[in-house]
Amino acid sequence: MTAQEVRALADGTRIIVLWSGGNGPHEYRLVQGAFGMQYACPPAHVDRPHLRERNPLEFIGSEQWQTKVWLAGSSPTGEEQR
């Protein structure tokens, strides 16, 4: 997904993130911060306000060094997983 597509997602959307440093892919919930920043929140931390905003979603893109985001249940290329 592009950064713009991620910004259009609703709070609580299940996403998969492959971080720019190569960590992942891991499943998260997308959460909206107080100032418009979006964060990747581990499912276990969704109900824990002090842990929700620990993983800012920045540097999203398709280049090798960028963070990659896709919807849970789909592949990084956008094709549905079976």
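Up top you'll find the structure we're talking about.
Just so you know, these numbers come straight off a predicted model, no measurement behind them.

Visitor: How do you make sense of the environment of Pro56 when you look at a structure like this?
Guide: With respect to the element layout, Pro56 can be found in the loop between α2 (49-52) and β4 (68-71). Pro56 sits in the partly exposed class, given a relative accessible area of 29%. Between the C-alpha atom of Pro56 and that of Met37, which follows or precedes it by 19 residues, the distance is 7.1 Å. Setting aside residues no more than four positions away along its own chain, Pro56 makes contact with Trp19, Met37, Gln38 and Tyr39.

Visitor: What exactly am I supposed to notice about the sheet that holds strand β1 (residues 14-18) here?
Guide: What links the strands of a sheet is backbone hydrogen bonding, and the strands pair in either a parallel or an antiparallel sense. Overall, antiparallel pairing links the four strands, which are arranged β3-β2-β1-β4 in an open sheet. Pairing within the sheet leaves two strands with one partner each, and these edge strands are β3 (38-41) and β4. Mean inter-strand twist for the sheet, computed between neighbouring axes without regard to direction, equals 40°.

Visitor: Mind showing me how you'd approach the environment of Leu57 here?
Guide: Mapped onto the fold, Leu57 is located in the loop between α2 and β4. Of the residues examined, Leu57 reaches a relative accessible area of 9% and is grouped as buried. Separated by 55 residues in the primary sequence, Leu57 and Thr2 place their C-alpha atoms 11 Å from one another. Ignoring any residue separated from it by four or fewer positions in sequence, one finds Leu57 in contact with Val6, Ile15, Val17, Trp19, Leu30, Met37, Gln38, Tyr39, Ala40 and Val69.

Visitor: What is the right way to read the pattern of salt bridges from this model?
Guide: Two side chains that carry opposite charge are able to pair once their charged atoms sit near each other. Under the counting rule described, the total for this entry stands at two salt bridges. The residue Asp11 makes a salt bridge to Arg52 at a minimum N-O spacing of 4.0 Å. A residue pair is termed long-range when its members are at least 10 positions apart, and Asp11 in the loop between α1 (3-7) and β1 and Arg52 in helix α2 qualify at 41 residues. A salt bridge links Glu27 to Arg14; its shortest N-O distance comes to 2.7 Å. With Glu27 in strand β2 (residues 26-32) and Arg14 in strand β1, the pair connects residues that are 13 residues apart, well separated along the chain. Its relative accessible area of 34% is what places Glu27 among the partly exposed residues.

Rules used throughout
- Residues numbered from 1 in each chain as written.
- Predicted model: local features only at pLDDT ≥ 70, side-chain atom pairs only at ≥ 80, totals over all residues.
- Heavy atoms only, no water.
- Helix = DSSP H or I, 4+ residues; strand = E, 2+ residues; numbered from the N terminus.
- Buried < 20%, exposed > 50% of the residue type's maximum accessible area, 1.4 Å probe, protein only.
- Contact = heavy atoms within 4.5 Å.
- Pairing = 2+ DSSP bridges.
- Axes fitted to C-alpha atoms, helices over the stretch in contact; angles between N-to-C directions.
- Salt bridge = Lys/Arg side-chain N within 4 Å of Asp/Glu carboxyl O.

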